[in-house]
Amino acid sequence: MKNLKIAILGTRGIPNHYGGFEHISEYVSAGLVKRGHSVTVYNSHNHPYNANTWNGVNIRHCYDPEYVIGTAGQFIYDLNCLIDARRQKFDVVLLMGYTSCSVWGKLYPPNSTIITNMDGLEWKRSKYSKPVQRFLKYAEKLAVKHSQFYISDSRVIKEYLENKYRIHSEYIPYGADVYSEKEREQVSKNDALREDYFLLMARMEPENNIETILEGFNNSNSRRKFMVLGDTSNRFGQFISHRFKNDERISFKGAIFDNGKVRALQNNSYLYFHGHSVGGTNPSLLEAMASEALIAAHNNPFNKSVLNADAFYFSNAHEVREIVETVQRTGNEQLMVRNNLNKIAFQFNWGKIVDEYESFIVECYERKNHEGIVATRG
């Protein structure tokens, strides 16, 4: 197998200080390096990690004006990354998402194999206005047009792309590590009282159903605490924290990027709420499953394709209240936890995910360069 020169673009950079694509880029880039490939990840110049390497991965810092001009800066940042990548002669360019990158499709490195992880139907996100949603649909179409190969992190998205664009995409989900005995030993009883609180971890966005979850809890007679992890500095976060400020059971802890702390909180929670309603296989959901959390999830195809029957489901605040007031930690609930843990061990473990990325990347490179085959475009 040829060792390839691979670039990962489309994220704010590694190590992760933002979200899902940054999370998977950490694991995939470091994993590919261990398998002998040369990997470069593009980082925003505003990223707190300033070194030029990370766990064997090359880091290239590109100017990112988002902090000055807002969202439009993401497009300039992606353009800067692509201009630099055109000079580096990468064998493969892996684009994580398309939101602000596909508009520059004609500038994708011409001699590189172009693979795009097609993200999670971004145009469905309720945080976006109608014009922005229309643009995102257009950006999705451009990503299909200018890419040669595609990855879906959800079977729901894979089916959508087949039906909408008549293209094949490789299903490769996110991964997680099973909660270890070493992690278990590091949690003191002072840090987390076992099974004494409900937990929610999400970006403060409407489509994550945070208001629905907290409204259901707020109306309940539960005496447990409810911990909310996520940065509340944006407009919606400020609205949510203000709306529920008088419920002393609810505490907003801000964003926590220490994975060990997050996993300990998930492991020790009585019930973990997952409200994401748009997107693919969500990393925080897999982390909760891997951390042995009992899960209540928003009722939608994305979550059900991962959890199947091993979760409680809700669609509105009334159903949240009912779950909060009736959930037990008995034999059936413990079976749900074990079933989800088995899914992590056999379907969503990082070693398997990195192997699948490597296999697909090499296959795409060989198809383009040795067989002269280019993926069918819709």
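The preceding data block contains the structure.
We now turn to the structure provided with this report.

### Digging into the sheet that holds strand β2 (residues 38-44)
No. 1: If you walk across this open sheet you meet the 8 strands as β3-β4-β2-β1-β5-β6-β7-β8, and the pairing is mixed. Strands with a single pairing partner mark the edges of an open sheet, and in this sheet they are β3 (53-54) and β8 (170-171).
No. 2: Two strands pair when backbone bridges link them, and strand β5 (residues 92-96) and strand β6 (residues 113-117) are joined in this way by 5 bridges, in the parallel orientation. Opposite V92, over in β6, you have T113 as the bridge partner.
No. 3: Of the strands in this sheet, β1 (5-9), β5, β6, β7 (149-152) and β8 touch helix α14 (residues 350-369), which is tilted by about 140 degrees from β6.

### Things to note about the environment of I69
No. 1: Looking at the element boundaries, I69 is found in helix α2 (residues 66-69).
No. 2: Given a relative accessible area of 46%, I69 falls into the partly exposed group.

### Quick look at the nonpolar core
No. 1: With 53 residues, the main nonpolar core has I24, I115, L286, M289, I295, Y357 and I361 as its most contacted residues.
No. 2: Tallying contributions element by element places α14 first for this core, with 8 residues.
No. 3: Setting aside residues no more than four positions away along its own chain, M289 makes contact with I295, V306, L307, N340, L341, K343 and I344.
No. 4: With 26 residues, the next largest nonpolar core counts I213, L294, I323 and V337 among its residues.

### Structural notes on the sheet that holds strand β10 (residues 225-229)
No. 1: What the 6 strands build is an open sheet, ordered β11-β10-β9-β12-β13-β14; its pairing is parallel. What marks the edges here is a single partner per strand, and that holds for β11 (250-254) and β14 (312-314). In this sheet, adjacent strand axes meet at a mean angle of 25 degrees when their direction is disregarded.
No. 2: Bridge analysis of strand β9 (residues 197-201) against β10 gives 5 bridges, and the strand direction is parallel. Residue pairing in the sheet places L200 in a bridge with V228 of β10.

### Looking at the environment of H168
No. 1: With respect to the secondary-structure elements, H168 resides in the loop between α5 (155-165) and β8.
No. 2: Each C-alpha atom of the pair H168 and F149 lies 8.1 Å from the other, and the pair is 19 residues apart in sequence.
No. 3: Residues in contact with H168, not counting those within four places in the same chain, are Y150 and K158.

### Observations concerning the pairing of β6
No. 1: For β6, the tally of buried residues reaches 5 of 5 residues, placing the bulk of the element in the interior.
No. 2: Residues T113, I115 and N117 point to one face of β6 and I114 and T116 to the other, with burial holding for every one of them.
No. 3: Pairing between β6 and β7: 3 bridges, direction parallel. Each bridged residue has a counterpart across the sheet, and for I115 the counterpart in β7 is F149.

### Here we look at α5
No. 1: Every buried residue belonging to α5 is among I157, K158, Y160, L161 and Y165, and all of these are buried. Seen along its axis, α5 keeps its buried residues to an arc of 160 degrees; they face one direction. Facing away from the buried side of α5 by over 90 degrees, the exposed positions are R155 and N163.
No. 2: In this structure, the buried residues of α5 make contact with α4 (130-146), β7, β8 and α11 (301-307).
No. 3: Residue S154 occupies the N-cap position of α5, its side-chain oxygen lying 3.0 Å from the main-chain nitrogen of V156.
No. 4: Of the residues trailing α5, R166 is marked for its positive phi of about 60 degrees.

### A word on the packing of aromatic side chains
No. 1: Within the structure shown, the criterion is met by 12 aromatic pairs.
No. 2: Counting every residue linked through ring pairs, the aromatic cluster contains F198, F217, F226, Y270, F273 and F314.
No. 3: One residue, K304, lies across the ring of Y313, its end atom 5.0 Å from the ring centre.

Here is what the cut-offs are and how they apply
- Residues numbered from 1 in each chain as written.
- Predicted model: local features only at pLDDT ≥ 70, side-chain atom pairs only at ≥ 80, totals over all residues.
- Heavy atoms only, no water.
- Pairing = 2+ DSSP bridges.
- Helix = DSSP H or I, 4+ residues; strand = E, 2+ residues; numbered from the N terminus.
- Contact = heavy atoms within 4.5 Å.
- Axes fitted to C-alpha atoms, helices over the stretch in contact; angles between N-to-C directions.
- Buried < 20%, exposed > 50% of the residue type's maximum accessible area, 1.4 Å probe, protein only.
- Core = buried A, V, L, I, M, F, W, Y, C linked by side-chain atoms within 4.5 Å.
- Arc of directions from axis to C-beta.
- Polar contact = N/O pair within 3.5 Å; in protein donor to acceptor, adjacent residues only side chain to side chain.
- Phe/Tyr/Trp six-rings, centres within 6.5 Å; stacked < 30°, edge-to-face > 60°.
- Lys NZ or Arg CZ within 6 Å of the ring centre and 35° of its normal.

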